[in-house]
Amino acid sequence: MTRSSLRLRLALAGAVAICLSLALAGWGLTLLFSAHVERRAVGELETHLDQVLGALERGASGALILGNQPADPRFRQPYGGLYWQIDTAGETLRSRSLWDWQLTLPALSPTDGLAVLHDLRAPDGRRLLGVERSVVLPPSLGGETVTLLLAMDRDALSAATRGFAEDLLPYLALLAVALIAAGWLQLRIGLRPLGELGRRLSAIRTGDAERLGENLPSEVSPLASDFDALLAAREAEMQAARQRAGDLAHGLKTPLQALLGESQRLRQAGHEQTAESIEQIVGSMRQHVDRELTRTRVASRAGGACSDVAAVVAQVVDVIVRTPAGARLDWDTLMTGDGGPGPTAGAPMQAALDPADLAEALGTLVENAARYASRRVEITARINDAALIEMGVRDDGPGLPESALTGLLDRGARLDECGGNTGLGLAICREIAEGAGGGLTLENAHPGLRARLTLPAVRQARRQR
């Protein structure tokens with residue numbers, strides 16, 4: 001699917017890029033939030049440190065004591081998550097939350113007034129965030145240097161970071177969905193000119209248009225202009241080739257007619273066998289010349305041709321019933337496309353083919369059916385779901401061997417060699433159908449033979465132009 005759809009490939013690439021970008025943004029926001037939480041925690045520890053420092057005093061025995069305990073109850077709860085410790089020259093004071101455990105300080109103490117962060121371990125092994133400060137006490141407190149250490153559990157900080165990430169995740173997911181939907185909408189709008197380009201190409205293929213035209217975005221307009229120029233060049237080349245083929249075919253007619261005159265003189269001179277051989281060769285060559293002229297005529301009429309199927313069928317049948325072979329038969333015609341449901345309702349069935357070419361192709365099929373039918377010939381026409389006209393000509397004669405049918409369908413087979421009941425006219429009929437974008441098939445109908453002629457139907461929009 002990713003190879004066949006440009007829109008899907010771009011949408012998948014955009015979705016992956018959006019998800020990766022939002023994941024990176026979420027990771028970065030989580031890091032920023034963690035740093036912010038840690039700064040707030042350090043500020044809180046420094047506040048507690050100032051409170052502890054301000055509560056130092058000398059007891060009756062002359063030892064340092066903490067006159068007022070910090071208000072936070074976690075200092076008084078064993079392993080409560082907040083800890084303070086004061087190291088002096090002779091003793092260590094600590095909070096009740098440390099219980100019987102002592103925080104280990106680094107070997108080098110900071111200078112006076114400098115706060116340093118430490119990664120410490122709690123009594124139960126948890127990681128701590130610590131703030132240490134060395135302070136020289138005033139003379140009223142003995143003037144000695146003490147070290148104060150305030151610490152708190154990092155688990156609380158990690159929990160806050162995890163909570164932020166969990167709260168952020170739904171919003172990132174919602175944002176991803178919104179961005180992917182917006183990207184898909186952008187792709188639909190951005191690739192719409194390619195869809196329009198495809199529709200115009202389809203219109204050229206079906207004969208509803210001759211060029212891609214203008215009114216396209218600037219990114220697509222050069223491509224459309226080059227394509228139109230290519231179409232014009234190819235049409236000129238094909239027109240020249242058709243003209244050369246027609247000139248060649250017309251040029252051969254006069255020499256062939258002269259050869260027939262020579263054959264008549266040879267016959268009069270008594271050379272019957274030689275004259276018959278020349279006439280057979282000339283007849284074969286004239287058949288091929290007529291075939292090329294038909295192909296040239298069909299190609300030159302392609303594009304804007306249009307014919308009323310029912311009218312052509314009536315015209316062909318009217319001619320055939322006047323012949324001895326057609327006068328003895330019953331003729332049934334059924335045009336199921338006229339006035340039927342769909343876009344062709346109320347309008348005659350129109351084939352994208354010149355009326356003369358349709359009459360020639362259909363006339364060949366009807367003439368063959370009349371030649372081999374026993375009592376009845378049936379002609380039907382309908383428009384299928386693919387906007388193609390399916391015409392059928394069926395007789396109730398002996399039909400054809402299956403091997404002959406297979407040979408008739410082979411491309412490049414000489415149809416006049418497949419049996420005495422088919423000639424070059426059947427090949428011309430097939431070429432007329434294929435030149436218009438249709439086809440011809442033969443099948444045994446038991447009884448009889450059915451010829452299926454498929455031709456493109458003229459669309460409603462084209463009829464109204």
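On a predicted model such as this, the values are computed, not experimentally measured, just so you know.

Trainee: Break down helix α6 (residues 309-320) for me, with residues and values.
Mentor: Counted at 1.5 Å a residue, the expected span for α6 with its twelve residues is 16 Å, and the 17 Å between its end C-alpha atoms agrees. Within the sequence span of α6, burial applies to V309, V312, V313, V316, V317 and I320. What you see down the axis of α6 is that its buried residues fit within an arc of 130°, all on one side. The opening residue of α6 is D308, an N-cap whose side-chain oxygen sits 3.2 Å from the backbone nitrogen of A310.

Trainee: Describe the packing of helix α1 (residues 6-54) against helix α2 (residues 154-190), naming the residues involved and giving the relevant values.
Mentor: Taken N-terminus to C-terminus, the directions of α1 and α2 make an angle of 155°; their axes are 8 Å apart at the nearest point. When the interaxial angle is binned, α1 and α2 end up roughly antiparallel. Viewed along their axes, α1 and α2 form a crossing whose handedness is right-handed.

Trainee: Tell me what's going on with helix α3 (residues 192-206), and back it up with residues and numbers.
Mentor: The first and last C-alpha atoms of α3 sit 21 Å apart over 15 residues, in line with the 21 Å expected at 1.5 Å per residue. Every buried residue of α3 is listed here: P193, L197, R200, A203 and I204. Down the axis of α3, the buried set is contained in an arc of 120°. They therefore lie on one face. Across α3 from its buried face, at more than 90 degrees, point the exposed residues R192, R199 and R205.

Trainee: Tell me what's going on with the sheet that holds strand β9 (residues 330-335), and back it up with residues and numbers.
Mentor: The sheet built from five strands is open, its strands ordered β9-β11-β12-β14-β13 with mixed pairing. If you trace the sheet from one side to the other, it starts and ends with β9 and β13 (439-444), each paired once. For this sheet, the mean inter-axis angle between neighbouring strands, taken without regard to orientation, is 15°. With seven bridges joining them, strand β12 (residues 388-395) and strand β14 (residues 449-456) adopt antiparallel strand pairing.

Thresholds applied
Residues numbered from 1 in each chain as written. Predicted model: local features only at pLDDT ≥ 70, side-chain atom pairs only at ≥ 80, totals over all residues. Heavy atoms only, no water. Helix = DSSP H or I, 4+ residues; strand = E, 2+ residues; numbered from the N terminus. Expected span 1.5 Å × (residues − 1). Buried < 20%, exposed > 50% of the residue type's maximum accessible area, 1.4 Å probe, protein only. Arc of directions from axis to C-beta. Polar contact = N/O pair within 3.5 Å; in protein donor to acceptor, adjacent residues only side chain to side chain. Axes fitted to C-alpha atoms, helices over the stretch in contact; angles between N-to-C directions. Parallel < 35°, antiparallel > 145°, perpendicular 65-115°, else oblique. Left-handed = near helix turned anticlockwise from the far one by under 90°. Pairing = 2+ DSSP bridges.

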